[in-house]
Protein chains: 2
Amino acid sequence: MLTRSPDATEHVFDKATHVAPGDSQWSGHTSDDYWAFIGPFGGATAATMLHAIIGHAQRDGDPLSLTVNYCAPIARGPFDLDVRLIRANRSTQHWSVELTQGGEVSAFATAVFAIRRPSWSHQPRQRPDATSFEQTRQYPKSALKMSWVHQYDFRFVEGQPVLDGAPRTEPASPFSKLWIGDTVPRQIDMLSLMSMSDAFFGRVFHVRGEMVPFGTVSLTTYFHVDAEDLRTEDIRQVLAIADASSFHKSYANQTGELWSPGGRLLATTQQIAYFKV
Amino acid sequence: MLTRSPDATEHVFDKATHVAPGDSQWSGHTSDDYWAFIGPFGGATAATMLHAIIGHAQRDGDPLSLTVNYCAPIARGPFDLDVRLIRANRSTQHWSVELTQGGEVSAFATAVFAIRRPSWSHQPRQRPDATSFEQTRQYPKSALKMSWVHQYDFRFVEGQPVLDGAPRTEPASPFSKLWIGDTVPRQIDMLSLMSMSDAFFGRVFHVRGEMVPFGTVSLTTYFHVDAEDLRTEDIRQVLAIADASSFHKSYANQTGELWSPGGRLLATTQQIAYFKV
């Protein structure tokens, strides 16, 4: 996949997260299909950076964690990805990726990859209850102009944002439970799972009932399955949970969980984001 | 503080997280007072790396997030800290720190610092209920030989680990609620808050009722207060919550919250850790 050219039948997500191979220096290109306020959708950027590691000749095992720091808006166009294997042992690898434009770092990622050996398995909690994806009403995205939102099929079970009226006088709950799938259905792999872990609306929009200036500053996602587990799940949607616990001095956090329809916890995520209110 | 030599009246935590200044290359030394299984306590390592950024001449603002990847056991003795300002704008700075011994990277950190401007403030949840620090029984640490454990005054309100009997036949809850303070009381600052965010026992010990091989691989902590807020709180203990949601193929996660006695959410944290069962 890494070496072939994009073609017309390729999924829009694969086009957006395509990387052209190099030695340690790879290149990518922003996608107008996944555009947010003032730059590309952070989930697509994170998936592209992860893609550059997955495609690296020295890569062994599957992603266990990825942290992305968004340093500056990424301009429309090409960017370089400088991939570095920081340290490796028999079963884990530590990587860093710098995304640069004109020599300046716009995003910076660190990742842990692991060959995950069989062990005792335990999932303390059950998947939260929810109406099925098919039975849940599609989120009407007509009011939102950002292209990335249109690449996802959001179906809120709880905590759908209300953004078309007056701002709330009392803060609403930051909690949401929703199904997320690609609008053009695509089997979920590590890359799309990474992207979906950032596919929540800013919690500040939910709480205040209005859009305000907002941007993720740092995002960390942990994978609780490996690529083989995920292929076995063979799914096109995840049940996603998002919440927040602090909005203070211009920054707010967000926590999230991504569950398979069958009840497996696939990934957990947290991020810290800037807001202006 | 950074430039003075350690003295006899200095708190053991300040000695352990001391860094000797350099240009971008700093040096530190492991502390026998904060020793874990096969290397220094990860919280002290994280605080030491944070210390090197805080002391850097170009540093502006306060820590907002710190991610530490633990790549390999750190050997007893000195280490170098290579601090790099990756990108900065008017109100945020992105940093990286490499901890090396003999030229090899043993730990790697990325941090975001911010000048946190006043904004709308909102904390959706209240501090969890708990008996006060004074009214809660001290955790008896006599069974645990690791020195770092003895530097903390743990007082479990809920979910105290049971490690002195037979392993459990059914998994216990991974949830704990406890007070954490320095054994020799010390006003909590950004450094000790960082260290305390890693001062939980492995969730796998709680769930299985036994000690097993365990090590944090990646840790991320978000600060929901700045240094001024923390000075105003003027506290010596935090109410801490820890939980986990997945143990699978040799890795498990942990989520945590650190609250001030007065009810303020100071920091949230998550980590992914290796275990062998």
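Bear in mind that the values here come from a model prediction, so they are computed numbers and not experimental data. (Residues numbered from 1 in each chain as written. Chains lettered and ligands numbered in written order. Predicted model: local features only at pLDDT ≥ 70, side-chain atom pairs only at ≥ 80, totals over all residues. Heavy atoms only, no water.)

Pulling in residues and values, what's your account of the overall build of chain A?
When you go through chain A residue by residue, the secondary structure sums to 6 helices and 12 strands. The globule rule puts the C-alpha radius of gyration for 277 residues at 19 Å, and the 18 Å found for chain A is close to it. Viewed in the frame of its principal axes, chain A has a C-alpha envelope of about 55 × 45 × 40 Å. For chain A, with 277 residues in total, the buried portion stands at 62%. Sequence separation of at least 24 residues holds for 69% of the intrachain contacts in chain A that already meet a minimum separation of 6. Roughly 10,600 Å² of accessible area belongs to chain A as shown, and the carbon and sulfur atoms make up 49% of that amount. If you average the places of the 25 positive and of the 29 negative side-chain charges in chain A, the two averages end up 4 Å apart. (Helix = DSSP H or I, 4+ residues; strand = E, 2+ residues; numbered from the N terminus. Rg over C-alpha atoms; globule rule 2.2 N^0.38 Å. Buried < 20%, exposed > 50% of the residue type's maximum accessible area, 1.4 Å probe, protein only. Contact = heavy atoms within 4.5 Å. Areas by Shrake-Rupley, 256 points an atom, 1.4 Å probe, with all protein chains shown as cover. Lys, Arg positive; Asp, Glu negative; His and termini not counted. Charge placed at Lys NZ, Arg CZ, Asp CG, Glu CD.)

Outline the interface of chain A and chain B, listing residues and values.
Across the contact, 67 residues belong to chain A and 67 residues belong to chain B. Here chain A packs against chain B, burying approximately 5,700 Å² in sum over the two surfaces, 54% of which is carbon and sulfur. Summed over the three residues of chain A that lose the most area to chain B, namely A:R87, A:W120 and A:K249, the buried surface amounts to 14% of that side. Counting across the interface, chain A meets chain B through 8 salt bridges. B:R84 is the partner of A:E98 in a salt bridge, and the nearest nitrogen-oxygen pair spans 2.5 Å. At the boundary of chain A with chain B, the tally comes to 35 residue pairs in polar contact (both at pLDDT 80 or more). Looking at the side of chain A that touches chain B element by element, the count peaks at 8 residues for strand β5 (residues 104-114) of chain A. The class makeup of the residues in the side of chain A that touches chain B is 29 nonpolar, 25 polar and 13 charged. (Buried area = accessible area lost by both parts, 1.4 Å probe. Salt bridge = Lys/Arg side-chain N within 4 Å of Asp/Glu carboxyl O. Polar contact = N/O pair within 3.5 Å; in protein donor to acceptor, adjacent residues only side chain to side chain. Nonpolar A, V, L, I, M, F, W, Y, C, P; charged D, E, K, R; others polar.)

Requested: an account of the relation of the copies chain A and chain B, with residues and values cited.
Between the two copies of the chain lies a relationship made up of a rotation around an axis and a movement along it. Turning chain A through 180° and shifting it by 0.0 Å along the axis lays it on chain B, with an RMSD of 0.0 Å. Read as a symmetry element, the transformation amounts to a two-fold axis. In this assembly, 100% of the residues forming the interface of chain A have copies in chain B that are likewise at the interface, indicating an isologous arrangement. (Least-squares fit on C-alpha atoms with pLDDT ≥ 70 in both.)

Now, about the pattern of salt bridges: what can you tell me, with residues and values included?
A side chain of one charge can pair with a side chain of the opposite charge if their charged atoms are brought near each other. This model, assessed by the stated rule, comprises 28 salt bridges over all chains. A:R186 serves as the salt-bridge partner of A:D14, at 2.8 Å between the closest nitrogen and oxygen. Here A:R186 lies in the loop between β7 (176-182) and α4 (190-196) and A:D14 lies in helix α1 (residues 12-16), a separation of 172 residues in the sequence. A:R186 shares its class with A:D14; the two are buried. Taken together, the shared-partner salt bridges connect A:D226, A:D229, A:E233, A:R264 and B:K249 into one network.

Describe the confidence of the model for chain A, and please don't skip the residues or the numbers.
Here chain A averages 94 in pLDDT, while 96% of its residues score no lower than 70. Of the two predicted TM-score estimates for the complex, the pTM is 0.96 and the ipTM is 0.96. (pLDDT = per-residue confidence, 0-100.)

Lay out the environment of A:H206 with the relevant residues and their values.
All names here are of chain A. Mapped onto the elements, H206 comes out in helix α5 (residues 203-208). You can call H206 buried: its relative accessible area is 3%. Note: C-alpha distance between H206 and P171 (35 residues apart in sequence) is 8.5 Å. Every residue in contact with H206, bar those within four places of it in the chain, is listed here: F156, G159, Q160, P161, R168, A172, S173, S176 and F201.

Would you mind going over the environment of B:T255 in detail, with residue names and values included?
Residues and elements named next belong to chain B. With respect to the helices and strands, T255 occurs in strand β11 (residues 251-259). For T255, a relative accessible area of 36% gives the class partly exposed. Here the alpha-carbon distance between T255 and D32, two residues 223 residues apart in the chain, equals 27 Å. Setting aside its immediate chain neighbours within four residues, T255 contacts I241, A242, D243, T269 and Q270.

Before we move on, can you summarise helix α2 (residues 42-54) of chain B with the specific residues and values?
Residue and element names in this part refer to chain B. Compared with the 18 Å implied by 1.5 Å per residue over 13 residues, the 18 Å span of α2 between its first and last C-alpha is a close match. Summarising burial for α2: 12 of the 13 residues are buried, a large majority. Here α2 has its buried residues at G42, G43, A44, T45, A46, A47, T48, M49, L50, H51, A52 and I53. (Expected span 1.5 Å × (residues − 1).)

Outline the pairing of strand β12 (residues 265-275) of chain B, listing residues and values.
All names here are of chain B. Burial runs high along β12: 10 of the 11 residues are buried. Where strand β8 (residues 214-223) lies against β12, 9 bridges are found, and the strand directions are antiparallel. In the sheet register, G215 faces β12, and the bridge partner there is Y274. Looking at chain direction, β11 and β12 are connected through 9 bridges and run antiparallel. Bridged to G256 within β12 is T269. (Pairing = 2+ DSSP bridges.)

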